[in-house]
Amino acid sequence: MKNFLRSVLVALVAVIGFAGTDMFAQQTFIIGDQNSATVNSSTGYPTPYGRFYGGMRTYFLVRATELQAAGFTGAGDITEIGFYVTALNGADASPNFRIGLMNTTLTALTGAYIAGTTTVFGPTNYSPFVGTNAHAIATPFRWDGTSNLLIEVCHHNTSGCAYTYNASCRLNPATGFNSSSYSLNDCATGCDASQLTAGSVLQSRPVLYLKANLGGIVSSFPNDAPASDYVLTTNL
């Protein structure tokens, strides 16, 4: 009898879930046009994989309204962040590559150094490749659901001033606000303001891929979500 009830309960939850009721899940959100034909050049910006200078720090600002429009509604834990590379252009590995995230009230970037991001990936020597470069976040970062999201990407040489070219990434070409900034220094040996000073701003930004757990609950299954994205755990 107990096994029968367990089977009925699991089946019922599955049926209700596929009907659109709440389920535990991770979802992937795309901020920007994933089919965008606009890319940065081998010496142009913005790009997270910029090797035309030995040292680069770039910020990408995503407004809460953009996240919400992409379906990221309510607070959630970000577990992966990615960018789509269309061409390497001879870019080699980015040394001491790191990604930081921060909830912020900033509504536009000025080019100034911004302290306080939480490192979620790296530092490591990272070699980009053509396709979606997904960076897994070992300790999920909590987006609070209302703040804007600041993404910091930085790399620098340990010594010397070596450089190659920038990898090209798909871009959202017209965000309507200063959504990217970048600071460059061939011989930088760190990511702080003493190494990479105030930089330039742009109203374009790489197309962003985020995987997140919306507080453990989603309201329905997206039409294109593979079944492997969903895991139901019962403790009977």
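For the structure itself, look to the data block above.
From a predicted model like this one, the values you see are computed outputs, not experimental measurements.

S.K.: Sorry, what's going on with the packing of aromatic side chains here?
M.R.: Geometry of an aromatic ring pair is reported as the spacing of the ring centres plus the angle between the planes. Counted by the stated rule, this structure contains 13 aromatic pairs. A ring pair is formed by F52 and Y53, whose centres lie 5.9 Å apart and whose planes are at 80°; its orientation type is edge-to-face. Residue classification places Y53 among the partly exposed residues on the basis of a relative accessible area of 30%. Grouped by ring-pair contacts, the aromatic residues Y49, F60, F83, F97, F121 and Y126 constitute a single cluster. If you follow R170 out to its NZ or CZ, it ends over the ring of Y84, 3.8 Å from the centre.

S.K.: Would you explain the state of the cysteines in this entry?
M.R.: In protein chemistry, a disulfide is the covalent bond that joins the sulfur atoms of two cysteines. Evaluated as defined, the whole model comprises two disulfides. Paired through a disulfide, C154 and C191 show a sulfur-sulfur distance of 1.8 Å. Between C154 and C191, the disulfide has an S-S torsion of -105° and is therefore left-handed. Of the two residues, C154 is situated in strand β7 (residues 148-155) and C191 in the loop between β10 (180-185) and β11 (200-202); the sequence distance between them amounts to 37 residues. Neither C154 nor C191 differs from the other in exposure class; each is buried. The partner cysteine of C161 in its disulfide is C187, sulfur to sulfur 1.8 Å. Sign of the S-S torsion, about 110° for the bond between C161 and C187, identifies this disulfide as right-handed. Of this pair, C161 sits in the loop between β7 and β8 (168-169) while C187 sits in the loop between β10 and β11; the two residues are 26 residues apart in sequence, bridging distant segments of the chain. Residue classification places C161 among the partly exposed positions, given a relative accessible area of 35%.

S.K.: Help me understand the environment of N35 in this model?
M.R.: With respect to the helices and strands, N35 occurs in the loop between β1 (26-31) and β2 (55-62). Judged by relative accessible area, N35 falls into the exposed class, the value being 62%. Taking C-alpha positions, N35 is 9.3 Å from V207, a pair spaced 172 residues apart along the chain.

S.K.: Quick question: what am I supposed to make of the pattern of salt bridges here?
M.R.: If the charged atoms of two oppositely charged side chains come close together, the side chains can form a pair. Counted according to the given criterion, the structure contains four salt bridges. For R51, the salt bridge goes to D92, with nearest N and O atoms at 2.7 Å. Of this pair, R51 sits in the loop between β1 and β2 while D92 is found in the loop between β3 (76-87) and β4 (94-104), placing the two residues 41 residues apart along the sequence.

S.K.: Quick question: what am I supposed to make of the sheet that holds strand β5 (residues 118-126) here?
M.R.: As a general point, the strands of a sheet are linked pairwise by backbone hydrogen bonds and lie either parallel or antiparallel. Taken in spatial order, the six strands line up as β5-β4-β7-β2-β10-β11 in an open sheet, and their pairing is antiparallel. Edge strands, defined here as strands with exactly one partner in the open sheet, are β5 and β11. Adjacent strand axes in the sheet meet at a mean angle of 15°, parallel and antiparallel pairs treated alike. By the bridge criterion, five bridges tie β4 to β5 in an arrangement that is antiparallel. In the strand pairing of β5, F97 is matched with T124.

S.K.: What should I look at first to understand the side chain of R57 in this one?
M.R.: By the element assignment, R57 lies in strand β2. A distance of 2.9 Å separates a polar side-chain atom of R57 from the backbone oxygen of C191. Those residues within four positions of R57 in sequence are excluded, and the remaining contacts are Y113, E152, V153, C154, S181, Y182, S183, C191, D192, A193, L196 and T197.

Criteria and cut-off values
Residues numbered from 1 in each chain as written. Predicted model: local features only at pLDDT ≥ 70, side-chain atom pairs only at ≥ 80, totals over all residues. Heavy atoms only, no water. Phe/Tyr/Trp six-rings, centres within 6.5 Å; stacked < 30°, edge-to-face > 60°. Buried < 20%, exposed > 50% of the residue type's maximum accessible area, 1.4 Å probe, protein only. Lys NZ or Arg CZ within 6 Å of the ring centre and 35° of its normal. Disulfide = S-S within 2.5 Å. Helix = DSSP H or I, 4+ residues; strand = E, 2+ residues; numbered from the N terminus. Salt bridge = Lys/Arg side-chain N within 4 Å of Asp/Glu carboxyl O. Pairing = 2+ DSSP bridges. Axes fitted to C-alpha atoms, helices over the stretch in contact; angles between N-to-C directions. Polar contact = N/O pair within 3.5 Å; in protein donor to acceptor, adjacent residues only side chain to side chain. Contact = heavy atoms within 4.5 Å.

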